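# Coordinate inspection notes
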Amino acid sequence: MIQTFFNLDIMMAAWPIVLSGLKNTILLSLIVVPLGLLGGLILALLASIKHPLVRWPLMAWVDFFRAFPPLVLLILLFAGLPFAGLELGGFACVAIAFFLNTGSYYGEIFRAGIESVPNGQVEAARSTGLSRLQAMRYVVLPQAVRNVLPDLLSNTLEVVKLTSLGSVVAVPELLYEARQAQSITYNPTPIVMAAVIYFLILWPLVRLLSRLENRALAGRR
Amino acid sequence: MTQKHIVEARGIHKHFGALHVLKGVDLKVDERELVFVIGPSGSGKSTLLRCLNRLEEPSSGSVVVDGIDMLSPKTDINHARQRIGMVFQSFNLYPHMTALGNVTLALRKVAGKSRAEADALARAALDRVGLADRADHTPGQLSGGQQQRVAIARSIALEPRVMLFDEPTSALDPELVGSVLEVMRGLRESGMTMIVVSHEMGFARNAADRVVFMDDGLIVEQGPPASIFENPAHERTRAFIGQIQRH
């Protein structure tokens, strides 16, 4: 059993491969999380324009990308676009797919946060001469982000986990490299290593999330 | 010498969908005047106040404040609003900033002051409302009365020509009302032009130059406090004053 799943020799041998996968997973996360946050912020700011010409297309966009399974979207970009003469490579496809998919999720979180800030805050800011954008930036957004911090963090956890989808389009991230090592060594130990590494990266975030949620609950009392 | 009207609103109408909230209101206010606006809830007094700094867009009419046409598309409304301070019933302090931060925000971002200048002006404004020692407190650490005074400081720091007060003491516990009225009295003595929507009749009696009674979207009558309170001309005014005084 230990020889099969926790084989020390194989761990030593697979370590360089797994480590390079880990680096790519971290790099991928550092790209897709800010990209998703940025996309979400743009969507949420657009959502604060109540004009029907903005509102309906926006709603359709967000609904569409929230209902579209990210794996399907990713494969469509990777395997479909070359037929349109556009070959993007795995990394770029992951970045675009995540921008579209997680941007929509982040967007809904930001929107809920913005709507949680009472209108009187904007009125006070505007009455002192701040522009709509300044009121948003200095008064509304800081409060909005604080109000939805647990949700933002929770979504970020999901995004980091979803980077493992990159393995499907040959992005050499943690899961992909672990599977490579597995097929070379004929042993599942590298996969176990990947699982442990995912846990070690994400567990502190999960703890932080619990603390934030508890604090939010305490604040509500 | 002809007195200059610092606020001149003419023929203000405001519709909210099918609701006709203001039905042609004219209001002229002189410099250094303190005008009290009273009336039953739903009479349109808060809406009138909010039309003066264009927090509400009037459906028709004109508003000129300190020579600036507030409704003209050519007017930079953000610039114009620096001249018109507003104090709200629910204070609306920014909860994520200290008292000082609340006061300095517009000084820095609208009036373009440096951080040091803004800090100095904000501390002076907080001192005027008696809260110099609370500069580093957040709104959550202040009483309602203190929060409202910080809100007043946030407005006066911009050196407005006119101050609008929208029921400034209605959300306060009775024992905290006095401190806010005290600050308002001080502002009045310094010569600030003030338009106050409030039911603080005692304050109206001894501080207001003029009382305006509104009902159903119109100004029913106006005059010096003594005549409005002791000898109202209209039945509706009499009924309202009677109700208020019974409480």
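Read on for a plain summary of the structure. (Residues numbered from 1 in each chain as written. Chains lettered and ligands numbered in written order. Predicted model: local features only at pLDDT ≥ 70, side-chain atom pairs only at ≥ 80, totals over all residues. Heavy atoms only, no water.)

## As for the overall build of chain A
Looking only at helices and strands, one finds 10 helices and zero strands in chain A. Starting at the N terminus and ending at the C terminus, chain A contains elements arranged as α-α-α-α-α-α-α-α-α-α. Projecting the C-alpha coordinates of chain A onto the three principal axes gives extents of approximately 70 × 50 × 25 Å. For chain A, buried positions account for 42% of its 221 residues. At a minimum sequence separation of 6, the contacts of chain A that also span at least 24 residues come to 77%. As displayed, chain A offers around 12,100 Å² of accessible surface, 69% of which is attributable to carbon and sulfur atoms. (Helix = DSSP H or I, 4+ residues; strand = E, 2+ residues; numbered from the N terminus. Buried < 20%, exposed > 50% of the residue type's maximum accessible area, 1.4 Å probe, protein only. Contact = heavy atoms within 4.5 Å. Areas by Shrake-Rupley, 256 points an atom, 1.4 Å probe, with all protein chains shown as cover.)

## Section: the interface of chain B and chain A
Counting from both sides, the interface comprises 21 residues of chain B and, opposite them, 17 residues of chain A. Buried surface at the junction of chain B and chain A, both sides included, amounts to about 1,600 Å², of which 57% is carbon and sulfur. By the criterion of area lost to chain A, the three top residues of chain B are Tyr94, His96 and Lys109 of chain B, representing 32% of everything that side buries. Connecting chain B to chain A are one salt bridge. Notably, a salt bridge pairs Glu123 of chain A with Arg50 of chain B, separated by 2.5 Å at the nearest N-O pair. Linking chain B to chain A there are seven residue pairs in polar contact (both at pLDDT 80 or more). For the side of chain B that touches chain A, the secondary-structure elements that each account for two or more residues are β6 (84–87) and α3 (99–109) of chain B. (Buried area = accessible area lost by both parts, 1.4 Å probe. Salt bridge = Lys/Arg side-chain N within 4 Å of Asp/Glu carboxyl O. Polar contact = N/O pair within 3.5 Å; in protein donor to acceptor, adjacent residues only side chain to side chain.)

## Let's talk about the pattern of salt bridges
Close approach of charged atoms lets side chains of opposite charge pair. Residue and element names in this part refer to chain B. In total, this model carries 18 salt bridges over all chains according to the counting rule given. The shortest N-O distance in the salt bridge between Arg134 and Asp133 comes to 2.9 Å. Taking the relative accessible area as the measure of exposure, Asp133 reaches 53% and is therefore exposed. Among the salt bridges present, the one from Glu230 reaches Arg205, with a minimum N-O distance of 2.7 Å. Here Arg205 lies in helix α7 (residues 201–207) and Glu230 lies in helix α8 (residues 225–230), a separation of 25 residues in the sequence. On the accessibility criterion, Glu230 (57% relative accessible area) is exposed. One network of salt bridges, in which partners are shared, links Glu31, Asp66, Arg83 and Arg161.

## Side note on the packing of aromatic side chains
A ring pair, where both rings are aromatic, is described by two values, the distance of the centres and the angle of the planes. This model, assessed by the stated rule, comprises six aromatic pairs over all chains. With 5.2 Å between their ring centres and 65° between their planes, Phe64 of chain A and Phe68 of chain A make a pair best called edge-to-face. The partly exposed category is assigned to Phe64 of chain A, whose relative accessible area is 46%. Residue classification places Phe68 of chain A among the buried residues on the basis of a relative accessible area of 16%. Through pairs of rings, three or more aromatic residues link up here, namely Trp61, Phe64, Phe65 and Phe68 of chain A. Residue placement shows Arg55 of chain A over the ring face of Trp56 of chain A; its charged tip is 5.6 Å from the ring centre. Positioned above the aromatic ring of Tyr94 of chain B is the side chain of Arg154 of chain B, whose terminal nitrogen or guanidinium carbon lies 4.6 Å from the ring centre. (Phe/Tyr/Trp six-rings, centres within 6.5 Å; stacked < 30°, edge-to-face > 60°. Lys NZ or Arg CZ within 6 Å of the ring centre and 35° of its normal.)

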